[in-house]
Amino acid sequence: MHDNRRIVEERIARALRERIQPARYAAAVPLRVEAWPVPGEPVPVADALAAGYTPFTVGDAWGPPWSTTWFRVHGTVPPAWAGRRVEAVFDLGFGPGWPGNQAEALVYDHSGHPLKGVAPRNQYVPVPSEGEVQLLVEAAANPDILANGFLPTPLGDLATAGDAPLYRLLRADLAVLDEEVWHLTLDIEVLGELMLELSTGEPRRHEILRALERAIDVLDLRDVAGTAVRARKELSDALSRPAHRSAHILSATGHSHIDSAWLWPLRETIRKSSRTFASVTALAAEYPEFVFAASQAQQYAWVKEHQPEVYARIAAAVESGQWVPVGGMWVESDANLPGGEALARQLVHGKRFFLDEFGVECEEVWLPDSFGYTAAFPQIARLAGMRWFLTQKLSWNQTNQLPHHTFWWEGIDGTRVFTHFPPIDTYVAEFSGKELAHAVANYAEKGRGTRSLVPFGYGDGGGGPTREMMERARRLRDLEGSPKVVVERPSDFFRAAEAEYPDAPVWSGELYLELHRATYTTQAHMKAGNRRCEHLLREAELWAATATVHTGRPYPYDDLDRLWKIVLLHQFHDILPGSSIAWVHHEAERTYARVIAELESIVDGSIAALGATATVFNAAPHARAEVVGDAFVAVPALGAAPLTPAEPPAPVTVTPRGLDNGLVRVEIDDDGLFTSVRDLATGREALAPGTRGNLLQLHADLPNKWDAWDIDEHYRRQRVDLTAADAITVVSAGPLVGEIRVERSFGSSRVSQTIQVRAGSRRVDVLTEVDWHETEKILKAAFPLDVHADRVASEIQFGHVYRPTHTNTGWEAARFEVWAHRWVHAGEPGYGVALVTDSTYGHDASRNTREGGGTTTTVRLSLVRAPRSPTRTRTRGTTASRTPSCRARRWPTRWPRATR
Ligand SMILES: [Zn+2]
């Protein structure tokens, strides 16, 4: 036979694209449109019902960035359409880009009841097939922040976004869906995409090709509607061939990954969730086998408050088994930076919400998109009653691919949790032929496991799962050449996967994401705010509980519950990591300040209730003796002591270039750098020979993409050491506290560091204030240590991990920037030095050969970055600013602490 395969494939593609797909709507009549642009922020539907509307012409522009326009549309269904599938169809000016990054709308009936969302690939709203139609469309003009990749954009902040309309209303019609043509479209799409994934050596590929060719042969392209039935008949045999017995099984769960804030502010997520959930519950009513999984209790709480009718529909879908609350966390938080207690609270608050609201006990952690996963998570998850863990993000690794898709993940304490990475490598699947074939080819457990999970549906307000996806799933249930698609609950997948693969391989330790390493440092205010809040929450609970027990003072349960939830929300995986637009970070900065003030007032009130105005309280779990104000005080663990000075230790002696308290001696040179840090108890010098400590290093920092998220390995090759000091001044001369301040300037930025030694302490504190006006730079503080360490220990939640200081393998080389919580410790047998910080997470550790043998270890703290996307940081000369994202901040660096 002559081989005309390519020609036939092209014929099918053109017929589908130009004739069959456009014929899905048999007839359409325009709706009459009126508009009410909301002056300012979004309003409830009651306001829109009462508002005054003016006529609006389809084709006209609407929607300055972040604005809302309510469209009121009227129409009459033509009598000839009675009994047919009539829909209102809206095109708000959608483009071909990612559906979550465009305009969206929620459609209400004439009396204000929410019906369904409208999104770029989900544009219809079902209406009755006869009579009058009147709808209200709440359209949000959300800008596409990443439309130009990672170029800076003014759109991320109301103050700079401008007021030029972003969209044109392109369509507002009543239309009849021709179901036969629509089904024909889906038949051809499913078979055609499957065909293209099969090898040309397989008979099945050619069988599909000829079936499709016959279907186009019998189709009159000028009368698709009239001939669709005939064409479908030609495809029925190819569509009814059952899958191979060894076909991979895809457990498909409807899903919509909605970032709780990212390229839009928190207030928009409330609406994104509402629109998506309205669409999902509408879809559930149409497809009884549809199952949808949604995480993030916070989003449910928002919808409950703002769209109670949609929430009632969710509750009904949960009841009927079509909606599955998953994840058991308050939000899908970052999984590196939140403290141990905070991760526990994410689960406690999330699980409690789902249990209280729906009687549902979540059993699977659901974190498809967070930027790496702490080695403490298996233990935390299991202690929270979780059996399973799901993520997908590590498929984004730049260098190494994890060898498993289904495995037991072992944490620092030895706890294991059954874990799955969907090999389809997306959490917003569409059931395209390409995706399905990739999932099968990529699945690493073939021969031992037979199934993987597919979260399908557009995310971020893109409309969630669609009816087209459900139709595809029906055709893919048992189809020769394809994996079998079963729509089911994640727990059904996990139960079956665990049963067939109980001896799955083990991965021990952290799931480090070889990408997005700058999220440990970007938007330093987020990091500092989170850390301070986590500490204050603990202190507030400690002293409030103490006051309640000792004095009967009412415990501020509601306030602490509310404040915890605010802090948990801000640990979302684009807020705390610093990867959101300016609006989000400016708002979060103000929120952190408010939460800190409230928590401090709870602490103060509790302590005052304990009747102890002149008492020192120690929230640490160990006894302390240290300088407090102008006294030296000893306090027991978790206790209080009167502010009566204890026996003072040796005084601090201060010279213009040195601080010495008898325990530790710091020497500073004329550049203000440390030339010696000596532990006087052991006589040991902490600094590596011939080096200087506390050296600030400024690097060029322009990653290949993902500016706020990424720091690329090449950043290390351009560096300026900030050695010149403008001034070195003694600011405290002892005897309890000695302080020397070093001031520097570079570019248009300034840095002031106060080096502090306190009586009785083996610690050197460095309080760093940076007035930061750089662009695409990172500032690091380097401490070369005379410690022969193969690895450094970094504090994580409830423990620590070791990370090698060498780069023998690609896995180690890829960890050129890592995170820690409060401390990083470089140790050798018998001696070690720790760097302790109160507000930073990112750092790197490397090694050098030491003259005379051994190695030295350099630990560098990442202090501050200056990416321009998606948030444009302020540059020199910019004046009018709401809240500069780069104003001065203090980074106290406590260093070193010797350990034995
Ligand atoms: Zn996300």
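Everything below is about the structure shown above.
Residues numbered from 1 in each chain as written. Predicted model: local features only at pLDDT ≥ 70, side-chain atom pairs only at ≥ 80, totals over all residues. Heavy atoms only, no water.

Draft legend 1. Representation of the coordination of the zinc ion in the model. Taken together, the protein ligands of the zinc ion are H257 (NE2), D259 (OD), D369 (OD) and H573 (NE2), with distances of 1.9 to 2.1 Å. Geometry at the zinc ion is irregular, judged from the 4 donor atoms that bind it and their angles of 89 to 158° at the metal. Of note, the donors binding the zinc ion are all from one chain and are spaced H-x1-D-x109-D-x203-H. Separated by 204 residues along the polypeptide, D369 in the loop between β16 (364-366) and α10 (377-383) and H573 in the loop between α15 (557-569) and α16 (582-609) bring together distant segments of the chain. Like H573, D369 is buried. (Donors = N, O, S within 2.8 Å, 3.2 Å for Na, K, Ca; no water. Tetrahedral: all angles 85-135°; square planar, octahedral: opposite > 155°, others 65-115°. Helix = DSSP H or I, 4+ residues; strand = E, 2+ residues; numbered from the N terminus. Buried < 20%, exposed > 50% of the residue type's maximum accessible area, 1.4 Å probe, protein only.)

Draft legend 2. Representation of the packing of aromatic side chains in the model. What the rule picks out here adds up to 37 aromatic pairs. Measuring from centroid to centroid gives 4.9 Å for W706 and W709, while their planes differ by 80°, and the two rings are edge-to-face. Cluster of aromatic residues (ring-pair linked, three or more members): F277, F290, F292, Y300, Y311, W323, W330, F353, F354, F358, F431 and F456. Over the face of the ring belonging to Y25 we find R171, whose NZ or CZ atom lies 5.4 Å from the ring centre. Directly above the ring of W819 sits R803, whose terminal nitrogen or CZ lies 5.5 Å from the centroid. (Phe/Tyr/Trp six-rings, centres within 6.5 Å; stacked < 30°, edge-to-face > 60°. Lys NZ or Arg CZ within 6 Å of the ring centre and 35° of its normal.)

Draft legend 3. Quick peek at unusual backbone geometry. Cis peptide bonds are those with omega within 30 degrees of zero, and the linkage from G734 to P735 qualifies with 0°. You can see P735 is positioned in the loop between β34 (727-733) and β35 (737-746). Here the residue pair S869 and P870 is connected by a cis peptide bond, since its omega of 0° sits within 30 degrees of zero. Position of P870 among the secondary structure elements: in the loop between β45 (855-865) and β46 (889-899). Residue Q523 is not a glycine yet carries a positive backbone phi of 55°. Along the chain, Q523 turns up in the loop between β22 (506-508) and α14 (524-551). The class for Q523 is buried, based on a relative accessible area of 11%. Unusually for a residue other than glycine, E776 sits at a positive phi of about 55°. Within the secondary structure, E776 is located in the loop between β37 (764-771) and β38 (777-785).

Draft legend 4. Main features of the pattern of salt bridges. Evaluated as defined, the whole model comprises 75 salt bridges. Across the pair E363 and R495 runs a salt bridge, and its minimum N-O distance is 3.5 Å. Taken as a pair, E363 in the loop between α9 (340-358) and β16 and R495 in helix α13 (residues 490-500) lie far apart in primary sequence, 132 residues in all. Taking relative accessible area as the criterion, E363 reaches 22% and is therefore assigned partly exposed. Across the pair R692 and D671 runs a salt bridge, and its minimum N-O distance is 2.8 Å. With R692 in the loop between β31 (684-685) and β32 (695-700) and D671 in the loop between β29 (664-668) and β30 (674-679), this residue pair connects regions lying 21 residues apart in the sequence. (Salt bridge = Lys/Arg side-chain N within 4 Å of Asp/Glu carboxyl O.)

As far as function goes, none of this settles anything; it's purely spatial.
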